[in-house]
Amino acid sequence: SPPAIIAPSILSADFAALGDAVDSVFNKWGSDWVHVDIMDGHFVPNLTFGAPVVTKIRSRVPKPSEPLGKRTFDCHMMIAEPHKWVTEFKNAGCDLYCFHYEAAISSTAADSPSATSDKKTSPKELIKYIHSKGMKAGIAIKPKTPVNVLWDILESPNADERPEMVLVMTVEPGFGGQSFMASELPKVTELRKRYPDMHIEVDGGLSEKTIDQAADAGANVIVAGSAVFGASDPGQVVKALRNAVDK
Ligand code: DX5
Ligand code: ZN
C-alpha cells in the first residue's frame, strides 16, 4: 500500500474555532491531510457548513506544494447533486473533492433547473469534470453499497475518468463518534488486491482500537474525528495511527 496518510476530521472540532483546529491539525499534531465533512441535511440527516467556511479555514494554512501532499483539504461531500458544487469548492481551496457514488447516480438532468455545462450526472463524467477544474477526485461508498459498483469506474480506459481515491465508509455517514463497522473491511481488501497503488480511505470509528484491522485490510488514508479531537494528546494519536499503517 502507499504510505499512511492521517486525516483528522474537523467534524469533531469546536466549530467556533475551526481555524485554530486546522492550525493544530498540521502545525501541532503533524497530520498529513485534513478531512472536511460537508453535509447538506438531505443526502445525510445532518448539516455542517459550506464553501464560505472552507475558504476561511483554508486561508489559515498554505496549499500543498505537490498534489495530495501535506495540508491537502480532503472534502467529503455528503451532499445530493455533487456536480453542482465543484466550482464553488475549487474556489474555496478544496484539493480533493470526494463525492458519494449514491448521490451521483441519483442526480438527473431534471435536478438542474439551469442545465448548463455544470450539469454532470454519471460518476465518470463527474470525475472528469472535477479533474478539469484542477482538483483530485475521490468516490465514496456507504455501507449498503457493494464495492463492485466501482469496477466500471476504476477500469475506465480514460485516465481522466478514474478517481485518485476510493473512500469506504465504515459507519453510516452523518455523525461523528459512531462505532466502527468491521463488516466493511472486505471491500477494502478487494480494492487493495486489485489496486496496489491507489489511495484507499476509511472513515468512521477509526481509533487506536480499530486501526490494525483497517490497516491489515489495506487502507492507507485514515480519517479520525473523535479519536483525535477527543484525545488528551492528539499528536500521539496521529502518530500511533500512522505507525499502525506503516508497520
Ligand atoms: C461521518 C463523517 C466522518 C466523521 C468521523 O459521517 O464522514 O468523517 O467525522 O468521525 P469519527 O472518527 O468520530 O467516527
Ligand atoms: Zn467524512
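These figures come from a predicted structure and were not determined experimentally.

Digging into the sheet that holds strand β6 (residues 165–169)
One open sheet holds the 8 strands; their spatial order is β1-β8-β7-β6-β5-β4-β3-β2, and the pairing between them is parallel. Each edge of the open sheet is held by one strand with a lone partner, namely β1 (5–8) and β2 (33–39). Neighbouring strand axes in the sheet, compared pairwise and without regard to direction, differ in orientation by 20 degrees on average. Its contacts with the sheet put helix α5 (residues 123–132) on β4 (96–100) and β5 (136–141), and the angle it makes with β5 is roughly 150 degrees.

Details of the site of ligand 1
Near ligand 1 lie 20 residues; those nearest to it are Ser9, Gly174, Asp203, Gly225 and Ser226. Measuring from an oxygen atom of ligand 1, one finds a side-chain N or O atom of Asp37 at 2.8 Å. The separation between an oxygen atom of ligand 1 and a polar side-chain atom of Ser226 is 2.5 Å. Expressed as a share of its isolated accessible area of 390 Å², the protein-covered part of ligand 1 is 100%. Among the elements of the structure, β2, β3 (72–78) and β8 (221–224) are those that each provide at least two residues to the shell around ligand 1.

A few points about the UniProt feature "active site" (unreviewed entry) in the protein chain
The feature "active site" (unreviewed entry), as given by UniProt, occupies Asp37 and Asp203 in the numbering adopted here. What stands out for the annotated residues spanning 167 residues is how close their C-alpha atoms remain, the widest pair being 10.6 Å apart. With respect to the helices, strands and loops of the structure, Asp37 is situated in strand β2. Given the relative accessible area of 5%, Asp37 is considered buried. Not counting residues up to four positions away in its chain, the partners in contact with Asp37 are Ser9, Leu11, Thr48, Phe49, His76, Met78 and Asp203. Here the side chain of Asp37 touches Ser9 through a polar contact of 2.7 Å, side chain to side chain. Its location among the elements puts Asp203 in strand β7 (residues 199–203). Its relative accessible area of 9% is what places Asp203 among the buried residues. For Asp203, the residues in contact, after removing those within four places along its chain, are His35, Asp37, His76, Leu167, Val168, Met169, Thr170, Val171 and Val223. Within the structure, Asp203 has its side chain in polar contact with the side chain of His76 (distance 3.1 Å).

Observations concerning the packing of aromatic side chains
On inspection of all chains with the given rule, the structure shows 3 aromatic pairs. Between the aromatic rings of Phe15 and Phe49, the centroid separation amounts to 5.4 Å while the plane-to-plane angle is 70 degrees, which identifies the pairing as edge-to-face. Of this pair, Phe15 sits in the loop between β1 and α1 (18–28) while Phe49 sits in the loop between β2 and α2 (51–58), and the two are 34 residues apart along the sequence. Note on Phe49: relative accessible area 10%, which makes it buried. When the ring of Trp29 is compared with that of Phe229, the centres are 5.2 Å apart and the planes differ by 75 degrees; the resulting orientation is edge-to-face.

Analysis parameters
- Residues numbered from 1 in each chain as written.
- Chains lettered and ligands numbered in written order.
- Predicted model: local features only at pLDDT ≥ 70, side-chain atom pairs only at ≥ 80, totals over all residues.
- Heavy atoms only, no water.
- Pairing = 2+ DSSP bridges.
- Helix = DSSP H or I, 4+ residues; strand = E, 2+ residues; numbered from the N terminus.
- Axes fitted to C-alpha atoms, helices over the stretch in contact; angles between N-to-C directions.
- Contact = heavy atoms within 4.5 Å.
- Near = heavy atom within 4 Å.
- Polar contact = N/O pair within 3.5 Å; in protein donor to acceptor, adjacent residues only side chain to side chain.
- Areas by Shrake-Rupley, 256 points an atom, 1.4 Å probe, with all protein chains shown as cover.
- UniProt positions renumbered as here; feature names shortened; annotations may be inferred.
- Buried < 20%, exposed > 50% of the residue type's maximum accessible area, 1.4 Å probe, protein only.
- Phe/Tyr/Trp six-rings, centres within 6.5 Å; stacked < 30°, edge-to-face > 60°.

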